[in-house]
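# Close look at the chain arrangement
Residues per chain are reported as follows:
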Amino acid sequence: MKRKLSELVTIQIGYQHRERVEPASVGTHRLMQVKDVVTDGRFSEFFDGPVGLWTGSLYMVTPKGPGWKYQVTPGDVLFVAKGSRNFGIAVTPRWVKPFLDTWDDVLASSQFYILRPNVNRVLPDYLAWSLNQPTTQGRLQSMATGTHMKMIPKSSFEELLLDVPSIEIQEKIVTVDSLAAKERQLLGRIAKQRLLLVQTICQNAAKGIPRASEEN
């Protein structure tokens, strides 16, 4: 069954800090920003999926006004609304590393939409998975506006149609996707080790060093 996103979640735009956010150890809250989104490179080895959030280097801020409006809680889904890559990231242990002991002081920046799912209709992990599917990504790209900085307007985002099966089917999809992602990660590690082995054998051959099986 197809449902509008607005039927599945409440949507809150993240916190807009008036000043430039700099690295700081002083503040009342920790702020999640797009810089903390991991897709490849540094910290990607901690995630089995294509995208995640790294909480190990969150900047500190002291918000002006009610910070609770922008608070991130486990079970939310953060959607990157600004920029050329618009991911959904569930605030669950699979998607967020390290997973925090407390979330009382964690805010999301205005680069995100904070989605709070109705868990009787949609699971956070399924929602993030669905938002990241190629067909959904294509529809999201068609919604984007702006020239210097693309953005998905909230009014258009609310109208996004998603396939929403039963909770039971959602759980199965999430499980299969997680297992497939872990398999890809393991195969990638095996391929790297195999390449390293082949490089070592070839380098030793070039130096005239015999293989262990040839020494006997």
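Structure shown above.
Residues numbered from 1 in each chain as written. Predicted model: local features only at pLDDT ≥ 70, side-chain atom pairs only at ≥ 80, totals over all residues. Heavy atoms only, no water.

The subject of this paragraph is the packing of helix α1 (residues 124-131) against helix α4 (residues 167-206). Running from N to C, α1 and α4 cross one another at 65°; their axes reach a closest spacing of 9 Å. As far as their axial angle goes, α4 and α1 are roughly perpendicular. Of the two elements, α1 crosses α4, and the hand of that crossing is left-handed. For the pair α1 and α4, contact is made by Asp125, Tyr126 and Trp129 and by Gln170, Ile173, Val174 and Asp177, respectively. (Axes fitted to C-alpha atoms, helices over the stretch in contact; angles between N-to-C directions. Helix = DSSP H or I, 4+ residues; strand = E, 2+ residues; numbered from the N terminus. Parallel < 35°, antiparallel > 145°, perpendicular 65-115°, else oblique. Left-handed = near helix turned anticlockwise from the far one by under 90°. Contact = heavy atoms within 4.5 Å.)

Next up on the list: empty space enclosed by the protein. Summed over all chains, the structure comprises 1 cavity of 30 Å³ or more. Its boundaries defined by the atoms lining it, the largest cavity holds a volume of some 40 Å³. Taken together, Asp48, Gly49, Pro50, Val51, Arg94 and Trp95 make up the full set of residues lining the largest cavity. Counted by class, the lining of the largest cavity contains 3 nonpolar, 1 polar and 2 charged residues. (1 Å grid on protein atoms, 1.4 Å probe; cavity = no way out; pocket = protein on both sides within 12 Å on 5 of 7 lines; lining within 4 Å. Points joined across faces, edges and corners; volume = space filled by probe spheres on them. Nonpolar A, V, L, I, M, F, W, Y, C, P; charged D, E, K, R; others polar.)

Hydrogen bonds between backbone atoms are what pair the strands of a sheet, whose relative direction is either parallel or antiparallel. Pairing is mixed across the open sheet formed by 3 strands, whose spatial order is β4-β5-β9. Two strands lie at the open edges of the sheet, namely β4 (37-38) and β9 (96-97), each paired on one side alone. Pairing geometry for β4 and strand β5 (residues 52-54), over 2 bridges, is antiparallel. Within β5, the residue paired with Val38 across the bridge is Gly52. (Pairing = 2+ DSSP bridges.)

Note on backbone geometry: most residues besides glycine have negative phi, and most peptide bonds are trans. Following Lys97, the chain continues to Pro98 via a peptide bond in cis, the omega torsion being -25°. Tracing the backbone shows Pro98 in the loop between β9 and β10 (106-108).

Along helix α2 (residues 134-143), the positions that sit buried rather than exposed are Thr136, Gln137, Leu140 and Met143. Down the axis of α2, the smallest arc covering the buried residues is 110°, so these residues share one side. Exposed side chains of α2 directed beyond 90 degrees from the buried face belong to Pro134, Thr135 and Ser142. Buried positions along α2 lie against β7 (77-80), α1, α3 (154-158) and β12 (161-163). (Buried < 20%, exposed > 50% of the residue type's maximum accessible area, 1.4 Å probe, protein only. Arc of directions from axis to C-beta.)

That is the geometry; function is a separate question.
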